[in-house]
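As a plain string of letters, each chain reads:
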Amino acid sequence: MDCAMTQLQITAFGDPSVLKLNPSQDKVPAEGEVRVRICFAGVNPIDAKTRAGLGWAAAQNKDNLPWTPGYDVAGVIETVGPGVTALAEGDQVCGMVGFPLAGGAYADSTVVSEEALVKLDGISLMQGAALPLAGLTAWQGLFEHGGLKAGQRVLILAGAGGVGHLAVQFASAYGAEVVATASRDNHDFLHRLGADQRVDYHDTDWAAQILAQGGQVDLVLDLVGGESGKAALACVKPGGRLVTVPTITAQQIKDAAADTGIEVLGMLVHPDSKQLAQMLNLLRQGDVHITVGGEFALAEGAQAHQAIEGGHVRGKLVLRMPAADGLPG
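Residues numbered from 1 in each chain as written. Predicted model: local features only at pLDDT ≥ 70, side-chain atom pairs only at ≥ 80, totals over all residues. Heavy atoms only, no water.

Asks: Run through the overall build of the protein, naming residues and quoting values.
Replies: Helix and strand counts for the protein come out as 11 helices and 15 strands. For 329 residues, the compact-globule formula gives about 20 Å, and the C-alpha radius of gyration of the protein, at 20 Å, lands near that figure. Summarising its shape, the C-alpha atoms of the protein cover approximately 65 × 40 × 35 Å along the three principal directions. Each of the 329 residues in the protein was classed as buried or not, and the buried ones make up 53%. Put simply, of all contacts in the protein between residues at least 6 apart along the chain, 68% involve residues at least 24 apart. Surface summary for the protein: the accessible area is close to 13,400 Å², and the carbon and sulfur share equals 51%. Looking at the protein, you have 22 positive and 35 negative side-chain charges, and the mean spots of the two groups are 3 Å apart. (Helix = DSSP H or I, 4+ residues; strand = E, 2+ residues; numbered from the N terminus. Rg over C-alpha atoms; globule rule 2.2 N^0.38 Å. Buried < 20%, exposed > 50% of the residue type's maximum accessible area, 1.4 Å probe, protein only. Contact = heavy atoms within 4.5 Å. Areas by Shrake-Rupley, 256 points an atom, 1.4 Å probe, with all protein chains shown as cover. Lys, Arg positive; Asp, Glu negative; His and termini not counted. Charge placed at Lys NZ, Arg CZ, Asp CG, Glu CD.)

What follows is the structure, encoded as structure tokens:
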């Protein structure tokens, strides 16, 4: 029987005040689906961007408001549908769900395909919610699109943020030399994560500093876009590559690189449970750590959006659901 649940929805496009708690109903899982009682949801920049009415997800959902944002979930399997074989009631799981148009993580529960989820097995629920979208963005940017190999030199723009602090660790764990930009008060943090060289992006000559201190890089993972992404082209070796995540300025950077011999690739993250499982293994082994820079109740989602739009969050932000109370992690 369906039971009442709560979700935090975008009721109109605008500032964080448009986020409102609304009741909903739990759905019954269909073939191959499970219902997850959500304990934590990750908060990502794309959530705030969509709420503001910017980007593809907003354009596609403008006639579907109110709409429940959020793509990162961690929780407990509550009900399994027919044909589900890999998961059972009571399993603690995480995953990137509903990307990019369905969303649904800012809620007490969600129904998703079992293929979207990975068992946590010793990783906390909070870390499980912080990992999927940011981790997959970092992983795919470095290895799938960037082709990063051991011994290469990589520059990560915005190294202390949600995606960046994971990218620094993934690149370091796979034997790359890591350069990262961040404000000066995050340099010690990045050093501990494995960044060999740290540069303050507030300095007008940060690109020149990178070249002077260690030379050109094979790859840039650009998590900032715009003028910063264009400035980073000066750091790339001929024949090197820049992977840019902010879609809104990808074409500008491609145009700036037109006659440089540098390949510029825009990317959109996609779900991949095998990659997620690999990242969880790195966490279990202690090779990677997730920094949660803030935890908010579901009703405080507007505050989480204000924080992420401020641009100075270290690591990830998460929303805590009532189901997290009394559970480990």
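Asks: Explain the nonpolar core to me, and be specific about the residues and the numbers.
Replies: Core analysis: the biggest nonpolar cluster contains 85 residues, and Leu117, Leu142, Val154, Phe170 and Leu319 have the highest contact counts within it. Sequence-distant contacts of Leu319, defined by excluding residues within four places in its chain, comprise Cys39, Phe40, Ala41, Val43, Tyr106, Phe296, Ala297, Leu298, Gly301 and Ala304. Within the second largest apolar cluster, 18 residues are counted, among which are Val179, Val199, Leu242 and Ile253. (Core = buried A, V, L, I, M, F, W, Y, C linked by side-chain atoms within 4.5 Å.)

Asks: Give me the lowdown on the sheet that holds strand S12 (residues 236-244), citing residues and values where you can.
Replies: On the basis of which strands lie adjacent, the open sheet formed by 6 strands has the order S10-S9-S8-S11-S12-S13 and parallel pairing. Of all the strands in the sheet, just strand S10 (197-199) and strand S13 (263-266) have a single pairing partner and so form its edges. Each adjacent strand pair in this sheet contributes to an overall mean axis angle of 15 degrees, direction not counted. Of the strand pairs in this sheet, strand S8 (residues 153-157) and strand S9 (residues 177-181) are connected by 4 bridges, and their pairing is parallel. Bridging from a neighbouring strand, Leu155 pairs with Val179 of S9. Packed onto the sheet, helix H4 (residues 132-145) meets S8, strand S11 (217-222), S12 and S13 and runs at close to 150 degrees relative to S11. On top of the sheet, helix H7 (residues 206-214) reaches S8, S9 and S10; it is set at about 160 degrees to S10, its chief contact. (Pairing = 2+ DSSP bridges. Axes fitted to C-alpha atoms, helices over the stretch in contact; angles between N-to-C directions.)

Asks: Go over helix H5 (residues 162-173) with me, naming the residues and quoting the values.
Replies: For H5, with 12 residues, the first-to-last C-alpha span of 17 Å sits near the 16 Å given by 1.5 Å per residue. Across the 12 residues that make up H5, a large majority, 10, are buried. Restricting attention to buried positions, one finds in H5 the residues Gly162, Val163, Gly164, His165, Leu166, Ala167, Val168, Gln169, Phe170 and Ala171. Two residues or fewer after H5 comes Gly175, characterised by a positive phi angle close to 85 degrees. (Expected span 1.5 Å × (residues − 1).)

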